Amino acid sequence: MDYLALIAYGILNMLFVLLISPLFISLIKIVKAHAQKRKGPPLLQTYRNLAKLLKKETVYSSNSSWIMRATPLVNVAAILVASLFVPMIIIPQPTDLVGNIILFLYLLAMAKFFMALSGLDAGSTFGGMGSSREMAISALIEPVVIVVFAAMAFAFKTINLPDMFRDALASNVLIDPVIILISISLFIIIIVESARVPVDNPETHLELTMIHEAMILEQSGKNLAMMELSSAMKQLLLMGVLINILVPWGLTADFTPQAILISLGAFLLKAVILAVIIGLFESSCAKSRLFRLPGLFAIALFLAIITLIIEVFA
Amino acid sequence: MIIAPVENVAQILIVLILATAAVIIMKRDIRSLIKTYAFQSLLLAVMALLLFSATGSLTLLYLAIIIIVSKVLIIPRFMGIVAKRLNIKRDVKFHFLSPTTSLLASIVIILFVYLSFSSLLSELNRFNSSIFFLGATVGMSIVFMGMIVIFTRKQTITNIVGYLTMENGVVLFSLFLTELPLLIEVLIIVDLIMLTLIATILAFGIDSTIEEFHNRLNPFISPPKETPQKQSEDDEQ
């Protein structure tokens, strides 16, 4: 019975992440377009793009190896497994099976690693450039991510993500001040990890600024669809972590249809607001130089270490 | 004395004030520096109002009003005028530490302040609530962070923002640890207004750094060097 509920949770959560994540890609694009007085794409455009790409045939470079073929699958699989760790609408029963944040981070890192390898694989100059930039940025942001998640673990006294959400839901104070610090850090991490403007420019192709787009330049057809889907899912996962820690209201722990519906509505509302904030943030700043980026990461690191100081010494 | 929801909001405000101080250390764009300073002062005023609603001491109400009038409205306006007159948009020159390094240095400072406060003042009865401890620590840390801004930035206008940040730290510290008499607070704020006023008047003079301003003030003491090329031209004539 217990396992049945857990399996049901897993399937529901995975399907939710899989189906909803492209929505927020388009939503952020619409917000950015409106900020520039353009109309922007329709809300379902990302789904249409994915459907179109899925119909197309996949072309491989004659220089490429099995890495090129495996990367999209590894990416989608790793992110889907990671999606089990972040309860979006239902918190599962306490269990040791899912939710370890260290494993969560390593799953994301594995997806990123394979993406960088596939950028190098075909031997094109753009792919290699994108990979080397991505790895340089990863080397800088990864310690920050670890410290932020360690601060979260200290704040909630657990390294299990669903347990953290349960604690956040059960806490009786309005907002724990420490959570605000962590949330600002997490916001910066979302910006960096989903390749958004001060770090990377998701709009451009064949520009010298691009990082993420350069790595997936060699992918085509179904594989490209999988890469784009996995980056959309990764963004939604990180957004889910931020939302469910900062404003967990509406999140439910029981399986009644009514509670699930309320929780679903609440999550969508909060995610839409967060997506609008991300879009406005992206519109309000310019792409910064590569050597200026450590400044952005340093703010996240600063706030996370302050959290650690408060949690450890107070 | 202070009930729980008020305490929670006060903690949130303290944390946000600390975050704005970090932003002031990092920012290079002068207009957004000034905006961040105004926002920090606004948070401080909200904090004073919150403490007023909790304790009912009228001094805090007056303090909040003074902060809003002077530090949220007048001083940022003056600084905006100065920035426009100087025609500087950003401050990209640093003395000893880069912004990233100074942010890391301020982590060490906060830790140091935290540890020294917890060992020195833990016997005082004011610390029966953790909020006073947090407020005093953050206030003192912001004083030091303002000092970092003053000695790492080269441009005078950023130094002034650093000085103003230091003063905000003093106010936060005094809100939580020792209540300064209102008279002293008023005098400090008048001081600040005079400082920004003088900066406005001197705006024509201060081009970029103190050193250049010094040369400009004393053209007879250190006359501008004539280039050897010009001398040779004179010789030919």
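Our structure is the block above this text.
Keep in mind the model is a prediction, meaning the values are calculated, not measured. (Residues numbered from 1 in each chain as written. Chains lettered and ligands numbered in written order. Predicted model: local features only at pLDDT ≥ 70, side-chain atom pairs only at ≥ 80, totals over all residues.)

### Some details on the overall build of chain B
Counting its regular elements, chain B contains nine helices and zero strands. Taken from N to C terminus, the helices and strands of chain B fall in the order α-α-α-α-α-α-α-α-α. When each of the 237 residues of chain B is scored for burial, the buried share is 38%. Taking the intrachain contacts of chain B between residues at least 6 apart in sequence as the baseline, contacts between residues at least 24 apart amount to 74%. (Helix = DSSP H or I, 4+ residues; strand = E, 2+ residues; numbered from the N terminus. Buried ≥ 20, exposed ≤ 12 C-beta atoms within 10 Å, placed from the backbone. Contact = placed C-beta atoms within 7 Å.)

### Considerations on the interface of chain B and chain A
Each partner contributes residues to the interface: chain B has 21 residues there, and chain A has 18 residues. Of all the secondary-structure elements, those providing two or more residues to the side of chain B that touches chain A are α1 (4-26) and α4 (99-120) of chain B. Sort the elements by how many residues they give to the side of chain B that touches chain A and α1 of chain B lands first, with 11 residues. A breakdown of the residues in the side of chain B that touches chain A according to their chemical character gives 16 nonpolar, five polar and no charged. (Nonpolar A, V, L, I, M, F, W, Y, C, P; charged D, E, K, R; others polar.)

### Describing the packing of helix α1 (residues 2-35) of chain A against helix α10 (residues 257-284) of chain A
All names here are of chain A. Relative orientation of the contacting elements α1 and α10 amounts to 45°, with a least axis distance of 8 Å. When the interaxial angle is binned, α1 and α10 end up oblique. Of the two elements, α1 crosses α10, and the hand of that crossing is right-handed. Across from Phe24, Leu27, Ile28, Val31, Lys32 and Ala35 in α1, the residues of α10 making contact are Ala271, Val272, Ala275, Val276, Ile278, Gly279, Leu280, Glu282 and Ser283. Of the residues in the contact of α1 with α10, the class split is 11 nonpolar, two polar and two charged. (Axes fitted to C-alpha atoms, helices over the stretch in contact; angles between N-to-C directions. Parallel < 35°, antiparallel > 145°, perpendicular 65-115°, else oblique. Left-handed = near helix turned anticlockwise from the far one by under 90°.)

### Looking at the environment of serine 220 of chain A
Residue and element names in this part refer to chain A. Residue placement: serine 220 occurs in the loop between α8 (212-215) and α9 (221-246). For serine 220, a count of 16 C-beta atoms within 10 Å translates into the label partly exposed. Along the chain, serine 220 and tryptophan 66 lie 154 residues apart, while their C-alpha atoms are 15 Å from each other. If we ignore the near neighbours within four places in the chain, the residues touching serine 220 are Thr58 and Val59.

### What about helix α4 (residues 101-121) of chain A?
Residue and element names in this part refer to chain A. A rise of 1.5 Å per residue sets the reference length of α4, with its 21 residues, at 30 Å; its end C-alpha atoms lie 30 Å apart and thus fit the reference within 8%. For α4, every residue scored as buried is listed here: Ile101, Phe104, Leu107, Ala111, Lys112, Met115, Ala116, Ser118, Gly119 and Asp121. On the buried face of α4, the contacting elements are α3 (66-83), α5 (125-156), α6 (161-170), α8 and α9. (Expected span 1.5 Å × (residues − 1).)

### So, helix α5 (residues 130-152) of chain B
The end-to-end C-alpha distance of α5 of chain B is 33 Å, a good match for the 33 Å that 23 residues give at a rise of 1.5 Å each. Counted residue by residue, α5 of chain B has 17 buried out of 23 residues, so it is predominantly covered.

### Some thoughts on the environment of threonine 137 of chain B
Residue and element names in this part refer to chain B. Structurally, threonine 137 can be placed in helix α5. Threonine 137 gets classed as buried once you count the C-beta atoms within 10 Å, which come to 29. Taking the C-alpha atoms as reference points, threonine 137 and glutamine 155, 18 residues apart in sequence, are found 29 Å from one another. Not counting the four nearest positions on each side in its chain, threonine 137 is found in contact with Val113, Tyr114 and Phe117.

### Digging into the nonpolar core
Judged by nonpolar contacts, the single largest core of 153 residues is most densely connected at Val148, Ile182, Ala300, Phe302 and Ala304 of chain A together with Ile17 and Leu18 of chain B. At 15 residues, α9 of chain A tops the list of elements feeding residues into this core. (Core = buried A, V, L, I, M, F, W, Y, C linked by C-beta atoms within 7 Å.)

### What to know about unusual backbone geometry
All names here are of chain A. Of note in the backbone geometry, lysine 37 takes a positive phi value of approximately 60° without being a glycine. Mapping lysine 37 onto the fold places it in the loop between α1 and α2 (45-55). For lysine 37, a count of 6 C-beta atoms within 10 Å gives the class exposed.

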